[in-house]
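# Structural description and commentary
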Amino acid sequence: IKVSEGKWDEAFFLSIGYSMSSKSDKVIFKNCEKKWGDDYNMIKYCIGKQLKSRQAVFSHPQNNIRKNCEKKWGDDYNMIKYCIEKQLKAKKDVYN
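To keep things clear, this report deals only with the structure shown in the data block. Treat the numbers as computed from the prediction; the structure is a model and nothing was measured. (Residues numbered from 1 in each chain as written. Predicted model: local features only at pLDDT ≥ 70, side-chain atom pairs only at ≥ 80, totals over all residues. Heavy atoms only, no water.)

## Some details on the overall build of the chain
The condition that has to hold: A run of H or I in DSSP becomes a helix once it reaches four residues, and a run of E becomes a strand once it reaches two; helices and strands are each numbered from the N terminus. Contacts: residue pairs with any heavy atoms within 4.5 Å of one another. Methods summary: accessible areas were calculated by the Shrake-Rupley approach with a probe of 1.4 Å, and residue burial reflects only the protein chains presented.
The helix and strand tally for the chain stands at five helices and two strands. Contacts in the chain between residues far apart in sequence, at least 24 positions, make up 44% of those at least 6 positions apart. Summing over all exposed atoms, the chain offers an accessible surface of approximately 6800 Å²; the carbon and sulfur share of this is 52%.

What follows is the structure, encoded as structure tokens:
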């Protein structure tokens, strides 16, 4: 990972299968960088976790549960994923 003046080499993103071309990737990067400052190991971990969580969120249908979780948690895909999973479990418990 090459970091210079607070900017990451795009090779990092390519190494984990993503690029900085999407607005969503840029938001994830900025949020992780803001949260972890100069702790590059944690920034890397945060980005990887957010990207995986985003994939999981996007695999869910656009229904009220997903929309409500997205509204509540904004662009924190870890929390959106967690919210969706908890809501789906609770819905199952209520109706079974």
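Now, onward.
## Regarding helix α4 (residues 64–73)
Keep this limit in mind: Burial status follows relative accessibility: with a 1.4 Å probe on protein chains alone, a residue under 20% of its type maximum counts as buried, one over 50% as exposed, and anything between as partly exposed. In this description, one arc is meant: the one made by directions from the helix axis to the C-beta atoms. Any pair of N or O atoms that falls within 3.5 Å is considered a polar contact. Within protein, one atom must be able to donate a hydrogen and the other to accept it, and sequence-neighbouring residues count only if both atoms are side-chain atoms.
Among all positions in α4, only Ile65, Arg66 and Cys69 are buried. Summarising the axial view, the buried residues of α4 lie within an arc of 95 degrees, below the 170-degree limit, and thus occupy one face. In α4, the exposed residues that point more than 90 degrees away from the buried face are Asn64, Asn68 and Lys71. Where the residues of α4 are buried, they touch α3 (40–58) and α5 (77–95). Near the N-terminus of α4, the side chain that reaches the backbone nitrogen of isoleucine 65, with its oxygen 3.2 Å away, is that of asparagine 63. Looking one or two residues beyond α4, the residue adopting positive phi is glycine 74, at roughly 60 degrees.

## Details of the side chain of glutamine 50
Relative to the assigned elements, glutamine 50 resides in helix α3. Exposure remark for glutamine 50: the relative accessible area of 7% places this residue in the buried category. Looking at glutamine 50, its side chain comes within polar contact range of the main-chain nitrogen of tyrosine 77, at 2.8 Å. The residues touching glutamine 50, leaving out its near neighbours within four places in the chain, are Ile28, Cys32, Asp75, Asp76, Tyr77 and Asn78.

## Comments concerning α5
Our working rule: Expected span, for any helix, means 1.5 Å times one less than how many residues it has.
The first and last C-alpha atoms of α5 sit 27 Å apart over 19 residues, in line with the 27 Å expected at 1.5 Å per residue. Turning to α5, its buried residues are Tyr77, Asn78, Ile80, Cys83 and Ile84. In this structure, the buried residues of α5 make contact with α2 (23–36), α3 and α4. In this structure aspartate 76 caps α5, since a side-chain oxygen of it lies 3.2 Å from the backbone nitrogen of asparagine 78.

## Quick look at the packing of aromatic side chains
Any aromatic ring pair is given by two values, namely how distant the centres are and how the planes are angled relative to each other. Formally: Pairing of aromatic side chains here covers Phe, Tyr and the six-membered ring of Trp, requires ring centres within 6.5 Å, and sorts the geometry by plane angle: under 30 degrees stacked, over 60 edge-to-face, intermediate tilted.
Tallying each qualifying case throughout the model produces one aromatic pair. Ring centres of phenylalanine 58 and tyrosine 77 lie 6.0 Å apart, and the angle between their planes is 85 degrees; this geometry places the pair in the edge-to-face category. Of this pair, phenylalanine 58 sits in helix α3 while tyrosine 77 is found in helix α5, placing the two residues 19 residues apart along the sequence. A residue is classified by how much of its surface remains accessible, and phenylalanine 58, at 46% relative accessible area, is partly exposed. Under the relative-accessibility criterion, tyrosine 77 is labelled buried at 11%.

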